[in-house]
Amino acid sequence: MASPVSVYNSNALDTHISSTSRESLKMELLADVSLLPGEERIIDKETMYICPFNGAVKGKVLITNYRLYFKSSDADVMLDVPLGAISRVEKMGGASSRGENSYGLDITCKDMRNLRFALKQEGHSRRDIFELLFKFAFPLSHGLPLFAYVTQEKYAENGWAIYKPVEEFRRQGLPNNKWRITFINKNYELCDTYPTVLAVPFKSKEEDLRRVAAFRSRGRIPVLSWIHRENQAVICRCSQPLVGMSGKRNKDDERYLDMIREANDTTKLTIYDARPSVNAVANKATGGGYEGDEYQNAELVFLDIQNIHVMRESLKKLKDIVYPNVEESHWLSSLESTHWLEHVKLVLSGAIQVADKVSSGNSVVIHCSDGWDRTAQLSSLAMLMLDSHYRTLRGFQVLIEKEWISFGHKFASRIGHGDKNHADQDRSPIFVQFIDCVWQMTKQFPTAFEFNERLLLTILDHLYSCCFGTFLYNCESMRDQQEVRLKTVSLWSLVNSKMDMYLNPFYTPESGRVLYPVASMRHLELWVTYYIRWNPRIRQQQSPVEQRYKELLALRDEYLKKLEALELSGSSPSSRLANTPNNPASSTPPQQYTQLQTPL
Amino acid sequence: MLTGSKTTFKVRQMLPDIKERMLSQSGVNARSRDVFGLRCLPGECVLQRAVMVRKKLTAREGRGWVSGTLFCTHFRVAFVPQDSPKADDNADPVLLGDHDVALASIEKVVVVGPNRTKLVTPNSSLKFTPEELVLYCRDLRVVCFLFDRLTPDAQVIEITYTIAKTYQPPKPGSVLSFQNAALGSVEMKQFLSNRRRNTDMNWFESASDWEQELERCGATGWRVSLVNDRFEMSTSLPRSIVVPQKVLDTELKKSFAHFNEGRIPRWCWRHPRGSDLMRMSSFQNNIYHEKDDIRNLEMILFGCQSSLCVVVELGEELPSPADIQLAHSRLRALCLGDLSTSVSVPDDKWLSTLESTHWLDYIRSCLRKASEVACLLRGGHLTVALQEADDRDMACVVSSLVQVMCDPHCRTQQGFQSLVQKEWVIAGHRFYSRMNYHRDNDKEEAPVFLLFLDCVWQLLSQYPSRFQLTDDFLLALHDSIHLPLFSSFLANCQRERCKRSQNIGQSYTPVNGWRDVLHPDSSSDLSDPPLPSVWDWSLQYSKHRRDRFTQPVPPTHPLQPLLNGNLNTNPDTHRLTDTIPGSVFLLSRGTFSCPANLLPWRSGSSGVYKKSHRRAPSSENVPGLERLLKAWALAEFPQGLTSISGPQGPLDPFEPLLPLLVGPCMGLWRECYLRGALHAQAFSHPISANHPHPVERLAREVQQLKDKLAQVSTSPGLKPPSMMAEPRRTDTNLNQNTNNGTFLFPASRPQSVAMSRAAPPPTSTNHQTSKGATSAPPSRPSHKDSNKHTFLFGHSSVAEARPDQRCYPAPNNAKLPKSNGSSISS
């Protein structure tokens with residue numbers, strides 16, 4: 001089942017250069033490409049791939065409505081790039097360009113790499129391939145459907161069923177006598193970027209919600225994301241209040257926040273504004289702002305996390321230092337100058353503050369400007385720290401579905417699915433940054449997560465691929481309109497059909513424990529296996545511990561087999577077996593075998 | 001040098017609590033048991049104690065706090081957790097408990113009071129009652145004690161003063177009093193002198209040790225020379241040096257003058273492909289080269305390889321000791337922060353500040369150089385001679401790194417210890433000066449060895465499954481270096497060490513048998529305590545800690561015995577057959593050249609060389625050599641990839657572990673350098689101490705299975721017990737054997753070898769084939785096991801060839817039972 005998918009996966013994730021020299025005929029270079037159901041060949045062409053690591057490589061490129069595939073004539077170098085990962089296609093050089101391989105295509109990808117192909121200068125050889133690539137890489141700009149609507153891949157699992165809002169609230173113990181579930185947004189009338197099912201203070205009335213919505217940017221009112229089972233402290237999320245230059249007040253909003261506070265009888269509600277205070281002030285000019293002193297029983301904390309533009313530029317700088325070449329000597333200061341890890345640190349430490357507040361019994365409200373970027377990062381990370389359910393494979397899917405997808409993180413704008421406008425100022429790697437934060441946590445707590453790094457890589461690959469409907473569009477109302485759940489497959493269908501691949505062998509369930517990662521530059525690491533994975537020199541080991549675990553598993557199986565064989569053969573063990581084992585008494589040096597050790 | 005008085009002086013100055021002193025005195029009689037739960041060493045006095053103290057646990061110890069009693073003796077600051085099991089009075093003394101800090105490793109004492117911190121010096125007075133006591137240690141540990149409200153204020157202040165006054169402020173003499181405090185008692189001296197040394201490792205102290213190493217490496221054509229037996233040729237070289245067989249001692253003697261400090265080219269190691277690694281100091285230039293000298297020098301330099309020698313100059317690209325010292329002190333400052341003010345580098349400048357220490361750059365350059373050498377050696381059949389001005393710093397680093405990369409044996413604990421013994425301790429690394437234990441020689445101080453440990457850690461973290469030793473072991477070694485107690489590190493060369501430890505008394509030499517070393521002067525015997533070796537781990541660490549030094553189930557890759565240094569079953573395609581005999585190249589900055597003055601005697605002025613030799617070396621085979629290097633630098637990264645890709649395929653165990661050196665692949669040894677950073681306690685682990693890591697659990701399970709398998713498979717067969725009864729008397733045979741191998745009786749050696757060859761039992765051919773089959777090792781639990789049998793039963797072949805021994809080892813193995821044994825047991 002699903003063999004083409006597995007091929008696709010292994011290619012996209014693991015193979016840049018396949019060292020297996022499959023002997024394929026030169027003519028039939030592209031014969032063994034396995035296409036997905038619904039995938040169609042568009043064009044193929046003799047070309048030269050200018051590999052930044054191996055130099056120019058002759059081969060053949062194939063473009064389908066889903067991918068760009070290249071294989072070198074000696075079958076050593078292979079590329080398999082989903083068209084969705086392409087952010088920009090440019091012509092390189094002109095008909096009169098001189099110099100070797102100066103005429104061709106330059107492709108910028110969203111996943112931290114660039115590709116260059118050189119073509120023959122004679123006869124406008126690149127015109128057709130350029131146009132076709134441009135068309136199929138950016139289908140929405142050309143009136144074509146995204147590939148997720150074209151593919152006919154089938155899976156045993158239905159990933160769309162993973163998240164049911166009411167069920168998730170029930171798991172958290174909601175509704176209860178302080179919090180109720182409301183369907184006021186059933187038709188996306190209260191807020192068009194929110195989900196239909198919301199949890200709000202029990203005391204609040206529907207008209208309260210409408211009045212609060214009028215005072216919150218884009219109607220994103222404070223709603224409950226998570227509730228602590230014991231102390232009933234909650235995480236609420238929203239957008240900024242529409243204070244504006246004149247410093248408007250809204251009694252309903254003030255009372256509404258106080259209801260949140262009252263729900264678990266804390267004396268003070270903490271409002272985390274993810275922005276730097278300067279930005280929050282600046283937002284007043286455009287009608288926004290932050291909660292002022294008029295909010296009694298509330299304290300406001302700014303978390304100093306920069307906006308989407310800063311993050312985009314930071315990741316761009318990171319790409320500059322990791323692709324194609326990595327510096328040797330000034331690596332650390334270059335890394336520092338990208339500030340990427342520093343941003344990761346600020347996001348993490350913000351989430352730590354939230355988690356700490358909540359676990360000590362205080363309810364919090366989180367917002368930034370619109371409440372769909374930094375707010376999503378903070379709430380989901382805090383929930384990941386607080387609730388071990390979200391650290392399971394399925395729980396993590398729920399977390400993403402809930403805090404990111406259903407609450408309207410603008411995936412379409414931030415990623416630019418199928419859109420040719422590569423310089424769009426709305427694009428930003430906010431979700432990538434979130435996954436990076438999760439990765440940092442898995443590094444620091446290697447046994448606390450049921451899923452492994454591979455899941456994170458798969459998620460990021462399909463964030464761009466447009467093969468699944470999961471990350472398409474900006475909000476639920478759009479998704480409903482586009483019938484995403486009906487017409488496309490969920491990424492979780494793929495994941496949950498092959499769960500084994502994504503399981504962390506070291507996972508040790510331990511509920512009720514809050515994880516506080518160390519958010520210090522001293523302990524954060526660059527996620528090399530993601531950001532630098534295209535560099536064949538660095539793409540190295542799977543986790544050494546995991547490898548060791550596998551070795552041990554193999555050893556155990558082997559010993560078990562041997563033992564079984566011995567017990568079968570009874571009293572006459574073969575000489576060979578007698579030869580192999582240790583003699584327990586004398587040959588084992590005392591310090592060596594008797595005790596065990598964690599090679600962590 | 002009578003130091004006893006000094007100690008007593010110090011103690012008296014301390015005004016110790018009389019009652020407690022008496023208690024501990026009586027404890028001495030009762031096998032040093034202190035009533036408060038601290039088990040004192042014989043003669044150790046408790047100067048002060050404080051109850052109800054809590055100690056902060058590091059991430060490794062499981063985090064959190066543990067409460068107990070804090071002691072200060074004149075040797076250590078000890079901490080005994082409340083409910084720690086009662087110490088076994090009859091157990092051997094352990095210098096330091098798991099929670100203890102030796103006074104000599106304390107660098108600074110800081111107390112934290114209400115809203116203030118204060119650096120406490122011997123002369124400072126406290127104006128407040130400390131709430132916290134923080135000990136900053138030289139080994140980068142930071143130990144933090146918290147005083148409860150229940151701790152009596154007087155005790156808090158007293159113990160702070162006591163520690164501040166007793167910890168060894170760096171000054172000459174303090175080391176000796178410290179040593180006396182630890183080891184100076186009659187009981188301790190007696191205990192130490194009765195201590196048996198670890199026989200699983202090679203100490204490289206006697207000629208036979210070197211013989212054993214030659215055998216282990218299958219290095220033929222070399223012999224052990226005792227020409228420096230009395231350190232007359234070179235004061236810093238060891239007694240036994242390995243030189244080409246064809247060079248006579250009389251010829252050898254003339255060559256010492258041509259090298260700085262007389263450190264002539266000596267053999268270190270043979271790669272299984274037949275290349276030899278040597279090291280030497282720089283040439284003495286202002287010396288006239290006699291015709292005969294030149295012949296000898298060339299013979300010594302080329303060793304057993306007639307054709308090609310590459311001189312690797314270690315001066316240029318590698319850090320100087322001063323560089324290392326500067327980098328390390330910056331690293332310390334960065335990791336610990338400013339001790340008294342607790343000001344540390346702001347987090348957003350951490351990376352660039354770390355970079356500006358250059359510590360990682362220096363590690364990279366050492367690893368790169370070692371990788372180059374490893375690649376050269378892999379090419380086969382050449383001599384690589386490491387040359388450093390004094391051959392006592394970077395040569396130690398590079399030669400031992402090369403062996404860690406290439407020789408799986410060196411990645412086991414015992415093998416690594418032997419390696420450090422060979423390339424550092426015996427080779428004359430100036431531990432004593434470099435560690436500057438006396439704080440009297442700051443100019444010479446340079447933690448070269450710590451740099452090496454970090455390099456090994458980098459390899460370990462990139463190839464964890466190829467090591468049997470663990471980072472716990474490296475960390476223990478790292479910490480022990482800072483303790484001025486071990487003979488291994490308290491001298492600069494073998495000669496100094498011999499002078500110190502005259503009471504050890506005897507050494508075995510092939511010529512005279514057992515005899516006294518350097519006229520021991522029995523009058524000085526009792527003044528200084530005998531210093532233990534650092535490898536006597538049970539003296540320092542609890543069993544629990546020592547058990548973590550090695551992986552529970554060793555790496556699956558077989559530790560094959562070397563096949564006589566000729567792993568040439570698959571001959572290298574790039575073999576440099578076309579080399580003109582006598583070619584010498586210089587490797588510098590990644591390129592090869594043959595400068596005219598490379599060998600001073602060959603340079604134009606003397607003129608003798610040209611006549612006596614066929615012709616000057618052409619640079620024709622430079623490309624061949626460069627190809628060897630390129631293998632690492634460029635194309636062959638998948639090699640590294642496959643070699644770590646785990647259990648599925650058999651690999652050449654001698655394929656070097658070549659580290660990735662680009663920025664993102666070099667890590668900071670956080671577990672060592674950042675364990676003191678209290679503000680950011682490293683990796684919090686959701687798994688508590690009673691909840692083992694899954695890998696650990698699995699390893700335990702595998703171990704149990706293995707044991708069970710061993711039981712089941714040995715119990716029905718009656719053979720093993722009978723064979724195990726075989727005494728290890730053949731050790732002496734081996735010694736004789738190796739004696740004969742020396743220059744005096746070269747003829748007898750082949751004879752003995754022939755004898756052992758003649759002995760193999762009828763089944764040996766069978767076994768050979770089965771051995772061939774084990775090149776696909778996964779079919780057996782581990783190849784080691786068959787070695788083990790070599791170790792256990794190998795000797796019986798010489799004594800009695802029993803046809804029923806199916807598990808008879810191959811003759812190759814039989815020849816080197818002891819070395820195999822060490823490779824296994826390690």
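These numbers come from a predicted model, not from an experiment.

Asker: Sorry, what's going on with the overall build of chain B here?
Answerer: A count of helices and strands for chain B gives 31 helices and 18 strands. Looking at chain B as a whole, 62% of its 826 residues qualify as buried. When contacts within chain B are restricted to residue pairs at least 6 apart in sequence, long-range pairs at least 24 apart make up 73% of them. Summed over all atoms, the accessible surface of chain B reaches about 31000 Å², with 53% contributed by carbon and sulfur.

Asker: Where do I start with the overall build of chain A in this structure?
Answerer: Helices and strands together make up the secondary structure of chain A, namely 21 helices and 14 strands. A separation threshold of at least 6 residues defines the contact pool for chain A, and within that pool the share at least 24 residues apart is 72%. About 22400 Å² of surface is accessible on chain A, with carbon and sulfur atoms providing 50% of the total.

Asker: Where do I start with the packing of aromatic side chains in this structure?
Answerer: Under the definition given, this model contains 48 aromatic pairs over all chains. The interplanar angle of 55° and the centroid separation of 5.3 Å between the aromatic rings of F431 of chain A and F471 of chain A together place this pair among those described as tilted. Pair noted here: F431 of chain A is in helix 13 (residues 430–444) and F471 of chain A is in the loop between helix 14 (453–465) and helix 15 (476–481), with a separation of 40 residues, a long-range link. Across the pair, F471 of chain A and F431 of chain A agree in class, each one buried. Aromatic side chains F473 of chain B and W537 of chain B sit 5.7 Å apart centroid to centroid with 70° between the ring planes, which places their arrangement in the edge-to-face category. Taken together, the positions of F473 of chain B in helix 16 (residues 471–481) and W537 of chain B in the loop between strand 16 (513–516) and helix 18 (543–546) put the pair 64 residues apart, joining distant regions of the chain.

Asker: Please explain the sheet that holds strand 18 (residues 591–593) of chain B as it appears in this structure.
Answerer: Sheet strands pair by backbone hydrogen bonding; their relative direction is either parallel or antiparallel. All names here are of chain B. Strand order in the open sheet formed by 6 strands is 11-12-14-13-17-18, and the pairing between neighbours is mixed. For this open sheet the edge positions go to strand 11 (266–270) and strand 18, each flanked by a neighbour on one side alone. The average undirected angle you get between the axes of adjacent strands in this sheet is 30°. Where strand 13 (residues 308–313) and strand 14 (residues 383–388) come together, 5 bridges link them in parallel fashion. By the bridge assignment, V312 is partnered in strand 14 with L386. Relative to strand 12 (residues 276–281), helix 12 (residues 394–406) is tilted by about 170°, and along the sheet it contacts strand 11, strand 12 and strand 14.

Asker: Where do I start with the side chain of T383 of chain B in this structure?
Answerer: Residues and elements named next belong to chain B. Relative to the helices and strands, T383 is located in strand 14. Note on T383: relative accessible area 0%, which makes it buried. In terms of polar contacts, T383 uses its side chain to reach the backbone carbonyl oxygen of F302, at 3.0 Å. Each residue touching T383, except ones within four places of it in the same chain, is listed here: D276, M278, L301, F302, Q305, L308, C309 and V310.

Asker: Just checking my understanding: could you explain helix 13 of chain A for this structure?
Answerer: Given 3.6 residues per helical turn, the α-helix brings residues three or four places apart onto the same face. The end-to-end C-alpha distance of helix 13 of chain A, which contains 15 residues, comes to 21 Å, matching closely the 21 Å that a straight helix rising 1.5 Å per residue would cover. Burial within helix 13 of chain A is extensive, with 14 of its 15 residues counted as buried.

Asker: How should I be thinking about the environment of A263 of chain A in this particular structure?
Answerer: All names here are of chain A. With respect to the helices and strands, the residue A263 is situated in the loop between helix 5 (251–262) and strand 12 (269–273). The exposure class of A263 is buried, given its relative accessible area of 10%. The contacts of A263, once residues within four sequence positions are left out, are K178 and W179.

Asker: How do you make sense of the packing of helix 13 of chain A against helix 14 of chain A when you look at a structure like this?
Answerer: For any two helices packed against each other, one specifies the inter-axial angle together with the distance between the axes. Residue and element names in this part refer to chain A. Packing of helix 13 against helix 14 leaves a shortest axis separation of 10 Å and a crossing angle of 175°. Taken together, the axis directions place helix 13 and helix 14 in an arrangement best described as roughly antiparallel. Of the residues in helix 14, those touching helix 13 at F431, V432, I435, V438 and W439 are E453, L456, I459, L460, L463 and Y464. For the contact of helix 13 with helix 14, a count of residues per class yields 10 nonpolar, no polar and 1 charged.

Asker: How should I be thinking about the pattern of salt bridges in this particular structure?
Answerer: Working definition: two side chains of opposite charge can pair if their charged atoms are close together. Residue and element names in this part refer to chain B. With the rule as written, the count across this model stands at 70 salt bridges over all chains. A salt bridge links E44 to R76, with the shortest nitrogen-to-oxygen separation between them at 2.8 Å. Remark: R76 occurs in strand 3 (residues 76–81) and E44 occurs in the loop between helix 2 (18–29) and strand 1 (46–56); sequence separation between them is 32 residues. Across the pair E444 and R430 runs a salt bridge whose closest N-O atoms are separated by 3.5 Å. Of this pair, E444 sits in the loop between helix 14 (431–435) and helix 15 (448–462) while R430 sits in the loop between helix 13 (413–425) and helix 14; the two residues are 14 residues apart in sequence, bridging distant segments of the chain. Owing to a relative accessible area of 17%, R430 belongs among the buried residues under this scheme.

Asker: I'm lost on the confidence of the model for chain A in this one. Help?
Answerer: Close inspection of predicted coordinates is inappropriate for parts of the model with low pLDDT. Residue and element names in this part refer to chain A. A residue-level look at chain A finds 89% of positions with pLDDT of 70 or above and a mean pLDDT of 87. Residue range residues 1–27 is modelled with pLDDT below 50. Its contacts to residues more than four positions away, or to other chains, number 57 contacts. Segment residues 573–600 is flagged for pLDDT under 50; beyond a separation of four residues in sequence, or across chains, it makes 98 contacts in the model.

Asker: Help me understand the sheet that holds strand 2 (residues 65–73) of chain B, please; the structure alone is not making it clear to me.
Answerer: Residue and element names in this part refer to chain B. The antiparallel open sheet is built from 8 strands, whose spatial order is 4-3-2-1-8-7-5-6. At either end of the open sheet lies a strand with only one pairing partner, and these are strand 4 (101–102) and strand 6 (116–120). When strand 7 (residues 132–137) meets strand 8 (residues 142–147), the two strands line up antiparallel, connected through 5 bridges. Residue L133 lies in a different strand from strand 8, and its bridge partner there is F145.

Asker: Teacher, can you tell me more about the nonpolar core here?
Answerer: Burial of nonpolar side chains together is a common tendency in soluble globular proteins. Within the largest apolar cluster, 288 residues are counted, with the highest numbers of intra-cluster contacts made by F396, F431 and Y531 of chain A together with F416 of chain B. Per-element tally for this core: the top contributor is helix 11 (residues 359–379) of chain B, with 12 residues. Excluding residues within four positions of it along the chain, F396 of chain A makes contact with L384, H389, Y390, F434, I435, V438, F451, L455, L456 and I459 of chain A. The next biggest cluster of nonpolar side chains, apart from the first, holds 33 residues, and it includes I181, L190, V234 and F407 of chain A.

Asker: How do you make sense of helix 15 of chain B when you look at a structure like this?
Answerer: Taking 1.5 Å as the rise per residue, helix 15 of chain B with 15 residues should run 21 Å; its terminal C-alpha atoms sit 21 Å apart, in good agreement. Counting buried residues in helix 15 of chain B gives 14 out of 15 residues, a clear majority hidden from the surface.

Asker: Which parts of the structure should I look at to understand the pairing of strand 13 of chain B?
Answerer: Side chains on a regular strand alternate between the two faces of the sheet. Residues and elements named next belong to chain B. For strand 13, a buried count of 5 out of 6 residues is recorded, marking the element as mostly surrounded by other parts of the structure. Two strands pair when backbone bridges link them, and strand 13 and strand 17 (residues 583–588) are joined in this way by 5 bridges, in the parallel orientation. Residue pairing in the sheet places V310 in a bridge with F585 of strand 17.

Asker: For this particular structure, what's the right way to read unusual backbone geometry?
Answerer: Excluding glycine, residues mostly have negative phi values, and the peptide bonds linking residues are mostly trans. Following L174 of chain A, the chain continues into P175 of chain A via a peptide bond in cis, with omega recorded as 0°. Here P175 of chain A lies in the loop between helix 3 (165–171) and strand 8 (179–182). With an omega of -5°, the peptide bond between Y323 of chain A and P324 of chain A qualifies as cis. Positionally, P324 of chain A belongs in the loop between helix 7 (308–322) and helix 8 (331–338). One non-glycine residue, E483 of chain A, adopts positive backbone phi at about 55°. Mapped onto the secondary structure, E483 of chain A falls in the loop between helix 15 and helix 16 (484–487). You can call E483 of chain A partly exposed: its relative accessible area is 33%. The phi torsion at E261 of chain B lies on the positive side, around 60°, for a residue other than glycine.

Asker: Before we go on, may I ask you to explain the packing of helix 15 of chain B against helix 16 of chain B in this structure?
Answerer: All names here are of chain B. Look at helix 15 against helix 16: their axes get within 10 Å of each other, and the N-to-C directions meet at 175°. Accordingly, the angle class assigned to the pair helix 15 and helix 16 is roughly antiparallel. Of helix 16, the residues touching helix 15 (which contributes F449, L450, L453, V456, W457 and L460) are D471, L474, L477, H478 and I481. By residue class, the composition of the contact of helix 15 with helix 16 is 9 nonpolar, 1 polar and 1 charged.

Asker: Can you help me understand the side chain of R427 of chain A in this one?
Answerer: All names here are of chain A. Structurally, the position occupied by R427 is in the loop between helix 12 (411–415) and helix 13. A polar contact is formed between the side chain of R427 and the backbone oxygen of N421, at a distance of 3.3 Å. The contacts of R427, once residues within four sequence positions are left out, are S87, K110, R312, S413, R414, I415, G416, D419, N421 and H422.

Asker: Would you mind going over the confidence of the model for chain B with me for this structure?
Answerer: Residue and element names in this part refer to chain B. Of the residues in chain B, 65% have a pLDDT of 70 or more, and the chain-wide mean is 72. Counting interchain partners and residues more than four positions distant, the pLDDT-below-50 stretch residues 634–650 has 27 contacts. A low-confidence stretch, residues 679–690 stays under pLDDT 50, and its non-local contacts, those more than four residues away or across chains, total 39 contacts. Under the prediction, the complex receives an ipTM of 0.85, its pTM being 0.81.

Reading guide: rules and limits
- Residues numbered from 1 in each chain as written.
- Chains lettered and ligands numbered in written order.
- Predicted model: local features only at pLDDT ≥ 70, side-chain atom pairs only at ≥ 80, totals over all residues.
- Heavy atoms only, no water.
- Helix = DSSP H or I, 4+ residues; strand = E, 2+ residues; numbered from the N terminus.
- Buried < 20%, exposed > 50% of the residue type's maximum accessible area, 1.4 Å probe, protein only.
- Contact = heavy atoms within 4.5 Å.
- Areas by Shrake-Rupley, 256 points an atom, 1.4 Å probe, with all protein chains shown as cover.
- Phe/Tyr/Trp six-rings, centres within 6.5 Å; stacked < 30°, edge-to-face > 60°.
- Pairing = 2+ DSSP bridges.
- Axes fitted to C-alpha atoms, helices over the stretch in contact; angles between N-to-C directions.
- Polar contact = N/O pair within 3.5 Å; in protein donor to acceptor, adjacent residues only side chain to side chain.
- Expected span 1.5 Å × (residues − 1).
- Parallel < 35°, antiparallel > 145°, perpendicular 65-115°, else oblique.
- Nonpolar A, V, L, I, M, F, W, Y, C, P; charged D, E, K, R; others polar.
- Salt bridge = Lys/Arg side-chain N within 4 Å of Asp/Glu carboxyl O.
- pLDDT = per-residue confidence, 0-100.
- Core = buried A, V, L, I, M, F, W, Y, C linked by side-chain atoms within 4.5 Å.

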